[in-house]
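Fold and geometry: a report
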Amino acid sequence: MEINVLRSADSTAQCYNIELENVTLLTILNHIKTKIDPTLTYSHGCRSGVCGSCAVRVNGREVLMCEYKPLDGDTVEPIRNTRVIRDLVVDSSPIERFNATAKAWSEDSIEGNISDEEAHRIETQSDCILCTSCYSACPVYAVNPDFIGPFALTRVWRYVNDLRETNSDAKIAAVQTNGIWDCTLCGECVPVCPQNIAPKQDITMLRMKSSMLGYQDPNAGIAFGGGLDFGTPMF
Amino acid sequence: MAKVLIIGSGGAGLVSALSAHESGAEVIIASKTLPTRSQTSMAQGGMNAVLGANDTIQNHIDDTFRSSAGLGDEARITFMCEKAPEAIRWCNAIGLPFSRNKSGEIARRRLGGASAPRACYAQDYTGLKLLHTLYDQCLKAGITFKNERFLLNLIVDEETNRVLGATFLDIESGEVEEIRADAVILSTGGYGGLYGKHSTNSVQATGDGLAAAVRAGAKLADMEFVQFHPTALKNSSILISESARGAGGYLLNSHKERFTDELAPRDIVARAIHDEITNGGAVYLDIRHLGEEFINHELPQERKLAQIYEGIDPVHELIPIKPSAHYSMGGIEVDAHCMSSVLGLFAVGECANHKTHGANRLGGNSLLELVVFGLHCGANASEYGAKHPSPIIDNHQLAKDTNFVRGVMYFTNQIDFYQKQEMLANIFYNNVGLVRDDMGLKAVLGAIRQMQRELPFMGPRDKSKACNTNLVEFIEFGNKIELSEIIVVSAISRVESRGAHYRIDAPARNDQMFGAHTITWKEDGVLCADFMQ
C-alpha cells in the first residue's frame, strides 16, 4: 500500500510503500517511524480515540489516525489553521488561547440534585476531546484568525446549558466579539467530529440565548448593505 | 509568594495546581504534552466515594485495605476514604458532569472488590470529563502552562538534599532549559508503557518522573507491583472495560467453555486467563447475549474499538482478549504530606506511592487518589515553598544536561533502540508479568544490564534539533531501562506471592519475611534495595 505524507522540510509529499493491510493509519506511521524513517514526526497517545493527539487530514478531510484505516494512495497532511511545527505536528496553543478568550469554564455552581434527563443536556458537548478537527475544517479562519471557533464555542454552550451553573448568562458576553456571530453556519465542523458533536448547533443555541438576553447580531445591518432603515421614521 | 513547579499535567498535576494556586502560590505546569492529552483521559470506570445511606466509609476503608494485601497504610487509606465525599462534591462544584440516578443524585456503580456500588461516574468517560473540567478551571485561574517540555532531570543541591527546580528539553526548539522553584511536584504518571504493546496505557506512560526522581536521590517503593487488567484486546492491548463483565459478559476458552468466575478480583481473573493462554488456548470475551441495543448504549466505545482493532463485531462475534499491564502501584516513596526523601520534592498520583493501593489497586480508587492527594499535595507544596524559599545557588545540572542532549547525537547508532524497546516489552510481559519465577526474572535482568552497556551504541538516528521526537523517544527508552532494572531487582528480592506479584516458585504469602515495602534507591549510581516498614 502506498501512503503519501506531507513533509515540512521540503513541503512535498513523501511516498512510503508499506506491506500492512487492515490496520490504522497510526499503526502504519508507527511502523514507518520505528522501522523505516525515524525522522517522520507526528503526535499520538492513547491509541483509542480519547486523548485527541492524532488528528490529521487525509485527502483533505480530518480524521483521528488511531481510528482511520487508510486506503492505497491516501495523502496525509497536518491539520489546518495553525502553524506547522514539523511534518504532522502543529502548534496546539490555539486550544488554550480560544478556550481562555471564550471563558469556557464553570463560574459558579449549585450542589443540588439534577435529573438524569437534565444531565443529558450537556453529555455530548462534554465528550469533546479537543482534537481540533472542527477548528481545522472551519473556513472562517481564512478571513478572521481571531474567530473563537467551534470547539471553544461548544465548550461555552456546555457550561451555559449546565443546570448547575448559577450565572450562565454572564458567560454569553465573552462570545459576542469574534464569536457566535462570526460563524457562517456552513456546518463543515459537524461531520469531521470524531465524537459526533455538532458545534454548528451549539453556536445556533448560543445565538438564540444571546438574542433572548438582548444581544444583537452586529452583522445584521451590514447584511442589507446598510441602506435600508425600515425601523427609522422617514421624517 | 512561593513558586511551585508542577511536572506533568494529568489529573494529579492539575488538581495540585489548583490547590497550590488557591493556597497563594505562583504555579507553573511543565508537561511533555498538552494537558488534555494525558493518560487520565483514558480512565473509564469511576471514582469511589460513600455518598448514600446504604454504605459506610468504614466499608470503603475495609475493602481498600483488604485488597492492598498488607501493603496498604491504614492511616492514609482512612484519610483518602474519609475525604472522598468531599472530593466528589469538589469535582461537582467545578462542573464535572456526573451521570445521575433516578432521584437525581450522582449515580454510583459497583466495581470489582467493592462491597457496595460506590464508583461515581460520567458514562464511560469519567477520566476524560474530569481532566477537561480541571483544565478549564486551570485556565480560569490563569495558571501558566509550559507544554511540550520534556523532563530531563531534577536540580538538587547535593549538600543539603534540597530540590531547586528541574531541567527540560523544549521539544519544539530543541533547547535545554531550567525552571527553578521553591517546591517541585512530580505528577508524571506510571510506567505501564514499559510493557509496550502489552499495556493498556498511553505510549506516553514511560515513567520519566520516577526515573528522574531516582537519579536525584529519591527513594522508590514497591516497584514490582504492576496491575494487569484481565480484558484487553488481544492484538492491541486496548482496554475493554470491566463493565462488560459487570453487565454479564462471559470469558470463554478455546473450547468455548467458561473457566473462571468473571467477577473475581482482577489479579485472579487475569491469572486464570493467563493459564488458559499459556496452555496453548485462546481466550474470548462473549457479550453477544447482552444484545445490540444494550451494547450500543452501554459499551459503544468497546464495539467501535473491537471493530477497528480486531476486525470483529462483538454483537455477533467473540472478542479475542488477553491480560495487559494497566496500572503502576509502585512509585516514588512519599510521606503523609506527599513529600519524597528529597527536601521540597513532592510526588502525587500514579507516579507516587501513597500506600493506598498496596499490592493491588481497587477500580475507582485511582481517580479518587489523584483528587484527594492532589488537593493535599498542592497545599503542602505551597506551604513548604513559602516557609523554605529555595536558595539561589549555582548548579551544574543545566550544563550537564545541555551537554548530554548535544552528545547523544553522536551515539553510534549501530544498534536500533526501537528493536530493543520491543524486545524489552516482550520479555517483561513474559517474565515480569502475571506469573514470575527467579530464573525468568534473572534472565531479564541480564538482558537489561546488556542494554545498559549498549546504550552508547544506540541513539537517535534523526539529527534535527527542532521537534525531534526520535530523540525524545530515545530518552524515554533510557528512562524505561533505568526503571526496568529497579522493577526486576524488586521482583527478584520479593520471594513470595502477594497481590499483583505472583511467584510460581514461591506461591504463598510470607508476612514474616516480606510483610514490608520494597524500598529502592541509588547511591553513586549503584542500585540499593531493602525491605522497610
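Treat the numbers as computed from the prediction; the structure is a model and nothing was measured. (Residues numbered from 1 in each chain as written. Chains lettered and ligands numbered in written order. Predicted model: local features only at pLDDT ≥ 70, side-chain atom pairs only at ≥ 80, totals over all residues.)

**Things to note about the overall build of chain A**
Of regular secondary structure, chain A possesses eight helices and seven strands. Dimensions of chain A along its principal axes, counting C-alpha atoms only, are 75 × 50 × 25 Å. Per-residue burial over chain A gives 46% buried out of 235 residues. For chain A, contacts bridging at least 24 residues in sequence account for 65% of all contacts bridging at least 6. (Helix = DSSP H or I, 4+ residues; strand = E, 2+ residues; numbered from the N terminus. Buried ≥ 20, exposed ≤ 12 C-beta atoms within 10 Å, placed from the backbone. Contact = placed C-beta atoms within 7 Å.)

**Brief notes about the overall build of chain B**
If you tally the helices and strands in chain B, you get 15 helices and 20 strands. The C-alpha atoms of chain B give 22 Å as radius of gyration, which agrees with the globular expectation for 533 residues (24 Å, within 12%). Projected onto its principal axes, the C-alpha coordinates of chain B cover approximately 65 × 55 × 50 Å. For chain B, the residues scored as buried account for 59% of the 533 residues in total. Once local pairs closer than 6 in sequence are excluded, the contacts in chain B between residues at least 24 apart make up 72%. (Rg over C-alpha atoms; globule rule 2.2 N^0.38 Å.)

**A look at the nonpolar core**
Residues and elements named next belong to chain B. Counting residues in each nonpolar core, the largest one holds 225 residues, and the members touching the most others are V4, V184, I185 and F346. Broken down by element, the residue count for this core peaks at twelve residues, all from helix α14 (residues 469–493). Contact partners of I185, with chain neighbours within four places excluded, come to V4, I6, I7, S16, F346, V348, C377 and A381. (Core = buried A, V, L, I, M, F, W, Y, C linked by C-beta atoms within 7 Å.)

**Concerning the pairing of strand β3 (residues 55–58) of chain A**
Regular strands show a simple pattern: their side chains alternate between the two faces of the sheet. All names here are of chain A. For β3 and strand β4 (residues 61–64), the ladder comprises four bridges, and the chain directions are antiparallel. Following the sheet pairing, R57 is matched in β4 by E62. Count of turn residues in the β3/β4 antiparallel hairpin: two residues, of which N59 carries a positive phi of about 50°. The pairing of β3 with strand β5 (residues 74–77) spans two bridges and is antiparallel. When the bridges of β5 are listed, R57 appears paired with E77. (Pairing = 2+ DSSP bridges.)

**Here we look at the domain arrangement of chain B**
Residue and element names in this part refer to chain B. If you check the domain split of chain B, you get domain 1 (1–225 + 329–533) and domain 2 (231–323). Domain 1 and domain 2 are separated by 28 Å when their C-alpha centres are compared. If you look at the interface, domain 1 gives 17 residues, while domain 2 gives 15 residues. Considered class by class, the residues forming the side of domain 1 that touches domain 2 number five nonpolar, ten polar and two charged. (Domains from an automatic or database assignment. Nonpolar A, V, L, I, M, F, W, Y, C, P; charged D, E, K, R; others polar.)

**Here's the deal with the confidence of the model for chain B**
This prediction gives chain B a mean pLDDT of 96; 100% of its residues lie at or above 70. Per the prediction output, this complex has pTM 0.96; the corresponding ipTM is 0.95. (pLDDT = per-residue confidence, 0-100.)

**Here we look at the pairing of strand β8 (residues 162–170) of chain B**
Residues and elements named next belong to chain B. The buried count for β8 comes to seven of nine residues, which makes it a mostly enclosed element. Across eight bridges, strand β7 (residues 149–157) lies against β8 in antiparallel orientation. For N153, the partnering residue across the bridge sits in β8 and is T167. Hairpin connection from β7 to β8: four residues lie between these consecutive antiparallel strands, with N161 at a positive phi of about 55°. The pairing of β8 with strand β9 (residues 176–180) spans five bridges and is classified as antiparallel. From the neighbouring strand, G165 faces β9, where its bridge partner is R180. The hairpin turn running from β8 into β9, its antiparallel successor, is five residues long, and G174 in that turn takes a positive phi close to 85°.

**Digging into the interface of chain B and chain A**
Contact with chain B, which involves 46 residues of that partner, is made by 43 residues of chain A. Taken together, the elements giving at least two residues each to the side of chain B that touches chain A come down to α3 (74–93), α4 (126–141), α9 (300–310) and α14 of chain B. Element by element, the count of residues in the side of chain B that touches chain A is highest for α4(B), at seven residues. In the side of chain B that touches chain A, the residues fall into 17 nonpolar, 18 polar and eleven charged.

**Side note on the sheet that holds strand β10 (residues 183–186) of chain B**
All names here are of chain B. The five strands lie next to each other as β6-β2-β1-β10-β17, forming an open sheet whose pairing is parallel. Pairing within the sheet leaves two strands with one partner each, and these edge strands are β6 (144–146) and β17 (345–347). Pairs of neighbouring strands in the sheet enclose a mean axial angle of 20°, with direction left out of account. Where β10 and β17 come together, three bridges link them in parallel fashion. (Axes fitted to C-alpha atoms, helices over the stretch in contact; angles between N-to-C directions.)

**Observations concerning helix α1 (residues 11–22) of chain B**
Residue and element names in this part refer to chain B. Between its terminal C-alpha atoms α1 stretches 17 Å, which fits the 16 Å expected from twelve residues at 1.5 Å a residue. Across the twelve residues of α1, ten count as buried, placing the element largely inside the fold. Of all the positions in α1, only G11, A12, G13, L14, V15, S16, A17, L18, S19 and A20 are classed as buried. Check the buried side of α1 and you find it contacts β1 (3–7), β2 (26–30), α4, β10 and α10 (365–387). Once α1 ends, the next one or two residues include G24, with phi positive near 100°. (Expected span 1.5 Å × (residues − 1).)

**Side note on helix α2 (residues 93–101) of chain A**
By the burial criterion, the buried members of α2(A) are A:P94, A:I95, A:F98 and A:N99. Buried residues of α2(A), viewed axially, fall in a sector of 120°; they line one side. Where the residues of α2(A) are buried, they touch α4 (133–137) and α5 (150–160) of chain A together with α4 of chain B. Once α2(A) finishes, A:K103 follows within two positions and takes phi at roughly 50°, a positive value. (Arc of directions from axis to C-beta.)

**Observations concerning the packing of helix α5 (residues 208–215) of chain B against α14(B)**
All names here are of chain B. For the pair α5 and α14, interaxial distance at closest approach is 9 Å and the crossing angle is 65°. As the angle between them shows, α5 and α14 are arranged roughly perpendicular. You can see that α5 and α14 cross each other, and the crossing is left-handed. Facing D208, L210, A211 and V214 of α5, the residues of α14 in contact are E476, N479, E482, L483 and I486. (Parallel < 35°, antiparallel > 145°, perpendicular 65-115°, else oblique. Left-handed = near helix turned anticlockwise from the far one by under 90°.)

**Some details on the sheet that holds strand β19 (residues 517–523) of chain B**
Residue and element names in this part refer to chain B. Spatially, the five strands line up as an open sheet ordered β18-β16-β11-β19-β20, and their pairing is mixed. Edge positions in the sheet fall to β18 (352–353) and β20 (526–532), since each of these pairs with one other strand and no more. As paired elements, β19 and β20 share seven bridges and run antiparallel to each other. Each bridged residue has a counterpart across the sheet, and for K522 the counterpart in β20 is L527. Where α5 meets the sheet, its contacts fall on β11 (220–221), β16 (331–333) and β19, and the angle it forms with β16 comes to roughly 35°. Set on the sheet, α14 makes contact with β11, β19 and β20; between it and β20 the angle comes to about 40°.

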